[in-house]
Amino acid sequence: MEKILVTGGAGFIGSNFVRVVLRERPEWQVTVIDKLTYAGRLENLAEVQDDSRFRFVQGDICDAKAVAQAMEDCTMVFNFAAESHVDRSLMGDPEHAGAFVQTDVYGVYVLLEEAKRRGIKRFLQVSTDEVYGHVPEGYSLETDPLEPRSPYSASKAGGELIARSYFVSHDMPIITTRGSNTFGPYQYPEKLLPLFVTNALDDLALPMYGDGLQCRDWLFVEDHCRGILLAAEKGEPGEAYNVGGGNERNNREITQTILRLLDKPESLIRRIADRPGHDRRYALNCDKIKALGWQPSHDFEVNMAATVKWYREHEAWWRPLKSDAEYQQYYQRNYQERLKESAAA
Ligand code: NAD
Ligand code: DAU
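The text that follows walks through the structure, step by step, so that each part is easy to find. Note that the coordinates shown come from a computational prediction; the quantities given were computed from them, not determined experimentally.

Things to note about the sheet that holds strand 13 (residues 269-272)
Taken in spatial order, the three strands of this open sheet run 8-13-14, and their pairing is mixed. Each edge of the sheet is formed by a strand with only one pairing partner; in this case those strands are strand 8 (206-209) and strand 14 (343-344). Note that strand 13 and strand 14 share two bridges and pair antiparallel. Bridge pairing links Arg270 to Ala344 in strand 14. Contacting strand 8 and strand 13, helix 12 (residues 325-340) crosses the sheet at an angle of about 80° to strand 8.

Right under this line is the structure:
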């Protein structure tokens, strides 16, 4: 029996992870600590809120007192909490980029200190393929240098490095996963897939950055969650594990798939000014996690269709998020000017 702390468990991947764990590890108990930023939603955990094995604490991972209370009696920590959206890290004001450094670096340090004090048996740091930076050809190996290029990916690399230092200096059982672009239910509608699906449902423009030929490796959220769980249970302390879906697609292909599934016209696509410093390609070699017994279990096309269907059927989940004043302000700031100068794709 494990008692695990899941930070950021009200977000997209964290909430899916909680559901996977309660389903597949019935004897485990799960505490979530989440600050409930704009991206953290209690609705994402509605399915488990009455489960006696589940406990929710609202709190900030940068707050040592809140972390100490949440981590009480825990044997394992899974750190999902993060500022996670690249575009927000590029907004240009200190309020935005600063939040990334605060949560994604300092927050990791606060968690590590408490985990050290308690002698936690596993600390799983959830990281990203973006720490490798742009990969023009081939596939990133865990031993490749970290060359992050956005404030988001640099903060995530910083979080990884501080975690690794606690393995080296304090012999703590730290394991890191580097996941690729994840898709599935409950993703906040600022990321490509939920944004384009929900815009298309409303016949709104789909704002595609630059030429749309940037490549990402798409990974279904439950596969990502199982990779994280396996790495924590079977991985070697001090090691990092790539977790990628093996589904390399460019943004144009993903957008065309979405439009086809919704039976909407390609004329909705608008080419807008590119994201600054936009990495053209990420691609992972996942042999190391596969050697532990992990495989993406779902077919990409099937999962894309199921995900698009989920957003179509869960308007009551995403529509209030998109009409929220904070979202509207973000949307206008990031897209309004670019859309005025946009071109048809
Ligand atoms: P998300 O933005 O949907 O969720 C992040 C959660 O963290 C939210 O619930 C938010 O309220 C919470 N949070 C933020 N700051 C906090 C703080 N200071 N204290 C406590 N809680 C806080 O993000 P996501 O897409 O679910 O990503 C989860 C993790 O996975 C992140 O670490 C991200 O870097 C990593 N990751 C994401 C992807 C992806 O494609 N989404 C891929 C690889 C890795
Ligand atoms: O690769 C893993 C990363 O994937 C995670 O670490 C991040 O937390 C997660 O947000 C995601 O980062 P991306 O920047 O790749 O995801 P996003 O959905 O923002 O963008 C996917 C691609 O689509 C990227 O090339 C930028 C492009 N895009 C995105 C948006 C939001 C557009 O063309 N237009 C858009 O409006």
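Comments concerning the environment of Val101
With respect to the secondary-structure elements, Val101 resides in helix 4 (residues 94-118). By relative accessible area, which is 46% here, Val101 ends up partly exposed. Separated by 19 residues in the primary sequence, Val101 and Ala82 have C-alpha atoms spaced 9.5 Å apart. Among residues more than four places away in sequence, those in contact with Val101 are Tyr106 and Ser155.

Side note on the site of ligand 1
Close contacts around ligand 1 come from 29 residues, with Ile13, Asp34, Ser84, Tyr152 and Lys156 the closest. Contacts to ligand 1 include Ile13, whose backbone N or O atom sits 2.8 Å from an oxygen atom. Note that an oxygen atom of ligand 1 is positioned 2.6 Å from one of the side-chain N or O atoms of Asp34. With the chains in place, 96% of the 840 Å² that ligand 1 exposes on its own is no longer accessible. Those elements giving two or more residues to the shell around ligand 1 turn out to be helix 1 (12-24), strand 5 (122-128) and helix 5 (151-170). In terms of residue count, the dominant contributor to the shell around ligand 1 is strand 5 (three residues). Taken together, the residues of the shell around ligand 1 break down into 11 nonpolar, 14 polar and four charged.

A short note on the site of ligand 2
Lining the immediate environment of ligand 2, one finds 25 residues, of which Thr128, Asp129, Tyr152, Arg275 and Tyr335 sit closest. Tyr152 has a polar side-chain atom sitting 2.6 Å from an oxygen atom of ligand 2. Note that an oxygen atom of ligand 2 is positioned 2.6 Å from one of the side-chain N or O atoms of Tyr335. Protein chains shield 94% of the accessible area of ligand 2, which is 680 Å² for the free molecule. Of all the elements in the fold, those that place two or more residues in the shell around ligand 2 are helix 3 (86-89), helix 6 (192-201) and strand 8.

Brief notes about the sheet that holds strand 3 (residues 54-58)
A sheet is described by the order of its strands in space; here seven strands give the open sequence 3-2-1-4-5-6-11, paired in parallel fashion. Here the strands that pair on one side only, and so sit at the sheet edges, are strand 3 and strand 11 (240-243). Neighbour-to-neighbour, the strand axes of the sheet open up by a mean angle of 20°, direction not taken into account.

Conventions we followed
Residues numbered from 1 in each chain as written. Chains lettered and ligands numbered in written order. Predicted model: local features only at pLDDT ≥ 70, side-chain atom pairs only at ≥ 80, totals over all residues. Heavy atoms only, no water. Pairing = 2+ DSSP bridges. Helix = DSSP H or I, 4+ residues; strand = E, 2+ residues; numbered from the N terminus. Contact = heavy atoms within 4.5 Å. Axes fitted to C-alpha atoms, helices over the stretch in contact; angles between N-to-C directions. Buried < 20%, exposed > 50% of the residue type's maximum accessible area, 1.4 Å probe, protein only. Near = heavy atom within 4 Å. Polar contact = N/O pair within 3.5 Å; in protein donor to acceptor, adjacent residues only side chain to side chain. Areas by Shrake-Rupley, 256 points an atom, 1.4 Å probe, with all protein chains shown as cover. Nonpolar A, V, L, I, M, F, W, Y, C, P; charged D, E, K, R; others polar.

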